[in-house]
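Here is how the chains run, residue by residue.
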Amino acid sequence: MSVDQMFESLKEKLKDIVPEVELRYKAELAVQINELKEKRNAVILGHNYMDPVLFNAVADIKGDSLELSRKAAQTDKDVILFCGVKFMAETAKILNPGKTVLIPSLAGCSLAESITAADVRLLKKKFPGVPVVTYINTYADVKAESDICCTSGNAVAVVESLHTDTVIFLPDQYLAGNVARETGKHIIFPVADIADEKADSLLDVQMIGWRGRCEVHEKYTVQDIANIRQQYPDVMILAHPECSPEVTAAADFAGSTSAMIKFVQQTDGPRYLLLTECSMADNVAAENPGKNMLRMCSVRCPHMNQITLENTLDSLRLNQFEITLPEELRVRAFQAVERMLHIG
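The structure contained in this document is the topic of the report that follows. Note that the coordinates shown come from a computational prediction; the quantities given were computed from them, not determined experimentally.

## Observations concerning empty space enclosed by the protein
Scanning the model with the defined rule gives two cavities of 30 Å³ or more in all. Around the largest cavity, the lining is made up of 29 residues, and of these Tyr 49, Met 88, Asn 137, Glu 242 and Met 304 lie nearest the centre. If you list the elements that add at least two residues to the lining of the largest cavity, you get helix H4 (65-74) and helix H5 (86-95). Class assignment of the residues belonging to the lining of the largest cavity gives a composition of 13 nonpolar, 12 polar and four charged. Within this model, the second largest cavity holds a volume of roughly 40 Å³. Lining the second largest cavity are Ser 65, Leu 68, Ser 69, Phe 82, Phe 87, Met 88, Thr 91 and Ile 136. Those elements that provide at least two residues to the lining of the second largest cavity are H4 and H5.

See the structure below:
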């Protein structure tokens, strides 16, 4: 595809989202990326939170963490370039040890950085025999200490698959609260010094959580929803499960990024608002031009925002940044991820 053809294709889809002058510049980068991608026998995975041009012009496989994890396990390409944050690229490496896995920037994540492998080991010592469910939004060493992983899309199914009275669910405080509400479990959040937690406070506990939060989704409040409904009474509000339980309860629908996309596609609401990372709303609007999407979002993920067309091109050119994992750790983490993939 020529630069002119790429520009026209992007203009048709993104004309109401991205200025034309920006589209022209980015079309040139996208063509270079796609040409180099072919030469290197690479596949580009694009998370739903990516910049709209990157998402629509160069990503071969798009989706949420669960979808991309599945596709990463199935690819026959030599190189996997993950346009997402570091824990996502680590998951691709966990599933594809023989392939080169690249990430354009070593972008972090507030959730992944909220817990360490040492924290998990201390929890396991405090609650011996209790299975550990770890959100996919964690680094490989934390996954390696876990029994099974989950995503926001299958968290309830994963917890229910364990058929156990008590579970440790890490590290997202709000996702854990939403799962606890849906499964009817009583949840506690241990104090910072887990070793000093009193035994009396642990009676009748069915879920042990952690106080990690997504710095994007924790910003949304019930008052935000009330304000929006006052201005647009007919709006359908969709919230990500990383929002607080109070926010998801006040929304019309709560689900993973892929579930939100399907909801928009399969319903006929007068207008929609997504309470999640702003770029996703742009991408949903581009894919569903007949839907009235309120673009009132002002919350960008500073980590996802580090992934650009420029450093995506550099990643392919310079083979940076390559994800490597010690094999013993990778194997242990693989067991937790693989169990999740079997749940569906």
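## Comments concerning the pairing of strand S3 (residues 79-83)
The element S3 is largely enclosed, with a buried count of five among its five residues. Here S3 shows two buried faces, one formed by Val 79, Leu 81 and Cys 83 and the other by Ile 80 and Phe 82. Across five bridges, strand S1 (residues 42-47) lies against S3 in parallel orientation. For Gly 46, the partnering residue across the bridge sits in S3 and is Cys 83. Of the strand pairs in this sheet, S3 and strand S4 (residues 100-102) are connected by three bridges, and their pairing is parallel. Bridge pairing in S4 links Val 79 to Thr 100. In terms of handedness, the path from S3 via H5 over to S4 forms a crossover that is right-handed.

## A look at the packing of aromatic side chains
This model, assessed by the stated rule, comprises one aromatic pair. Ring geometry for Phe 253 and Phe 263: centres 4.6 Å apart, planes at 25°, overall stacked. With Phe 253 in strand S11 (residues 253-254) and Phe 263 in helix H12 (residues 257-266), this residue pair connects regions lying 10 residues apart in the sequence. Directly above the aromatic system of Phe 7 lies the positively charged group of Arg 24, at a separation of 4.1 Å from the ring centroid.

## Let's talk about the layout of surface pockets
Approximately 390 Å³ is the volume attributed to the largest pocket. Lining the largest pocket we find 23 residues, and of these Ser 152, Gly 153, Asn 154, Gly 255 and Ser 256 sit closest to its centre. Secondary-structure elements contributing two or more residues to the lining of the largest pocket are H4, helix H8 (155-161), helix H9 (173-183) and H12. In terms of residue count, H9 provides more of the lining of the largest pocket than any other element does, five residues in total. Split by residue class, the lining of the largest pocket holds nine nonpolar, eight polar and six charged. Considering only enclosed or pocket space, the second largest pocket measures out at about 250 Å³ in volume. As for the second largest pocket, its lining consists of 13 residues, and the residues nearest its centre are Asp 16, Ile 17, Ala 285, Ala 286 and Pro 289. Looking at the lining of the second largest pocket, the elements that each hand over two or more residues are helix H1 (3-14) and helix H13 (278-287). Counting residues per element, the lining of the second largest pocket draws most heavily on H1, which supplies three residues.

Rules behind the numbers
Residues numbered from 1 in each chain as written. Predicted model: local features only at pLDDT ≥ 70, side-chain atom pairs only at ≥ 80, totals over all residues. Heavy atoms only, no water. 1 Å grid on protein atoms, 1.4 Å probe; cavity = no way out; pocket = protein on both sides within 12 Å on 5 of 7 lines; lining within 4 Å. Points joined across faces, edges and corners; volume = space filled by probe spheres on them. Helix = DSSP H or I, 4+ residues; strand = E, 2+ residues; numbered from the N terminus. Nonpolar A, V, L, I, M, F, W, Y, C, P; charged D, E, K, R; others polar. Buried < 20%, exposed > 50% of the residue type's maximum accessible area, 1.4 Å probe, protein only. Pairing = 2+ DSSP bridges. Right-handed = clockwise from strand over helix to strand, strands pointing away. Phe/Tyr/Trp six-rings, centres within 6.5 Å; stacked < 30°, edge-to-face > 60°. Lys NZ or Arg CZ within 6 Å of the ring centre and 35° of its normal.

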